[in-house]
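# Structural overview for review
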Amino acid sequence: MLSFFLLISAVRCDKIIYMKISDILNSKKAALSFEVFPPKTSDKFESVQAAVDKIAALSPDFMSVTYGAGGGTSDYTVAVTKHIKEAFGVTALAHLSCITSDRADVRAKLARLKEEGIENVLALRGDLPKDFDGKLEYRYASELVAEIKAAGGFCIGGACYPEGHPDSPTLFSDIDNLKRKVDAGCDFLTTQMFFDNDLYYSFLSKVREAGISVPVIAGIMPVTNAAQTRRMMTLSGGSLPTRFKRIIDRYGDNAEAMAQAGIIYACEQIIDLYANGVRAVHVYSMNKPYVAAQIKDNLRGII
């Protein structure tokens, strides 16, 4: 089934320039990227590929492809990442999670990434499945970062949390752990979604004070489904500003209105970020081409 994503379109890019994301971040004044996720089952291939292709056709600065632990979507992450690169010439970032993996498994996955010419990896600890009772060879993302760094040749990204990781007792202890992850070899960081830019600005100030100097990409999620967003924020430990709660309360039961309001709110966040000197924004586009297209169009005079 993986071969489905390896079928490259007949019309190939005349110029395909694969870049490390660190180079993009250093060269762009206003970079914009989108996130997609691979199919969970083979019967979802066609719909997922159609969405991925439409988003890639927008020519973002890069696209990231999420990872599903314990088989399933993790088997397709590399294939989707390769498809984005080869069919569209878009720099692609493959997520890699480690919480239930052993070192041999991680090394095999890194070897495959190298074989496929994928040089950008987002290193994640991942969430421990409730029924998992095996031995943990990786307890922290910093250990995975060190493993990737030792493999050589990769541009390594990491995740960060403007309000602190839900498992950390304080934001400052979380930043201490983040410093260890960066020292292990992270070239850039991407934040969890946030809806109040002041949280990002405050967090950025704190990480710089802690000696973390790598680029910190701002993660923005356009809300098109109010109930789903509430669940995600509960899991991530994030908060919603009063202004945004009012939007959800007013439009949450009207799908069309909520989608329009959510995209406008996200665009306002992104414009403010760029205006304040932020050089890169990552949009959690959730395989929704119309969301990515409207954001790209609304920012056409800015980026």
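Now for a quick tour of the structure. (Residues numbered from 1 in each chain as written. Predicted model: local features only at pLDDT ≥ 70, side-chain atom pairs only at ≥ 80, totals over all residues. Heavy atoms only, no water.)

### Describing the pairing of strand β2 (residues 62-65)
By the alternation rule, side chains of β2 split into Phe 62 and Ser 64 and Met 63 and Val 65, which are all buried. One crossover worth recording links strand β1 (residues 31-36) to the parallel β2 by way of helix α3 (residues 45-56), and it is right-handed. One ladder, built from 3 bridges, connects β2 with strand β3 (residues 92-97); its direction is parallel. Bridging from a neighbouring strand, Met 63 pairs with Ala 92 of β3. (Buried < 20%, exposed > 50% of the residue type's maximum accessible area, 1.4 Å probe, protein only. Helix = DSSP H or I, 4+ residues; strand = E, 2+ residues; numbered from the N terminus. Right-handed = clockwise from strand over helix to strand, strands pointing away. Pairing = 2+ DSSP bridges.)

### Side note on the side chain of Asp 174
Of note, Asp 174 is situated in helix α7 (residues 171-184). Lacking a salt bridge, the buried Asp 174 has Lys 181 as its closest oppositely charged neighbour, with an N-O distance of 7.0 Å. One polar contact links the side chain of Asp 174 to the main-chain amide nitrogen of His 165, over a distance of 3.0 Å. Aside from chain neighbours lying at most four places away, what touches Asp 174 is Tyr 161, Gly 164, His 165 and Ser 168. (Lys, Arg positive; Asp, Glu negative; His and termini not counted. Salt bridge = Lys/Arg side-chain N within 4 Å of Asp/Glu carboxyl O. Polar contact = N/O pair within 3.5 Å; in protein donor to acceptor, adjacent residues only side chain to side chain. Contact = heavy atoms within 4.5 Å.)

### Some remarks on the pairing of β3
In the case of a regular strand, side chains alternate between the two sheet surfaces. By the criterion of burial, β3 is predominantly enclosed, with 6 of the 6 residues buried. On β3, burial covers both faces: Ala 92, Ala 94 and Leu 96 on one face and Leu 93, His 95 and Ser 97 on the other are all buried. Both β3 and strand β4 (residues 120-124) contribute to a ladder of 4 bridges, which runs parallel. By the bridge assignment, Ala 94 is partnered in β4 with Val 121. Since β3 and β4 lie parallel, the crossover through helix α5 (residues 103-115) that links them has a hand, and here it is right-handed.

### Quick word on the sheet that holds β3
The strand order around the closed barrel formed by 8 strands is β1-β2-β3-β4-β5-β6-β7-β8, and the pairing between neighbours is parallel. Strand-to-strand twist across the sheet, computed as the mean angle between neighbouring axes with direction ignored, equals 30°. Pairing geometry for strand β7 (residues 216-220) and strand β8 (residues 280-283), over 3 bridges, is parallel. Note that in β8 the partner of Gly 219 across the bridge is His 282. Contacting β3, β4 and β5 (155-160), helix α6 (residues 141-151) crosses the sheet at an angle of about 155° to β4. (Axes fitted to C-alpha atoms, helices over the stretch in contact; angles between N-to-C directions.)

### Side note on the environment of Leu 96
Along the chain, Leu 96 turns up in strand β3. By relative accessible area, which is 3% here, Leu 96 ends up buried. As for Leu 96 and Thr 77, which are separated by 19 residues in sequence, their C-alpha atoms are 8.7 Å apart. The residues contacting Leu 96, other than those within four sequence positions of it, are Tyr 67, Val 106, Lys 109, Leu 110, Val 121, Leu 122, Ala 123, Leu 124, Leu 144 and Ile 148.

### Let's talk about the packing of α5 against α6
Where α5 meets α6, the closest approach of the two axes is 11 Å, and the angle between their N-to-C directions is 45°. Comparing the axis directions of α5 and α6 gives the class oblique. Our pair here, α5 against α6, has a crossing hand that is right-handed. Residues Arg 103, Val 106, Arg 107, Leu 110 and Lys 114 of α5 lie in contact with α6, whose contacting residues are Leu 144, Glu 147, Ile 148 and Ala 151. Tallied by class, residues from the contact of α5 with α6 come to 5 nonpolar, no polar and 4 charged. (Parallel < 35°, antiparallel > 145°, perpendicular 65-115°, else oblique. Left-handed = near helix turned anticlockwise from the far one by under 90°. Nonpolar A, V, L, I, M, F, W, Y, C, P; charged D, E, K, R; others polar.)

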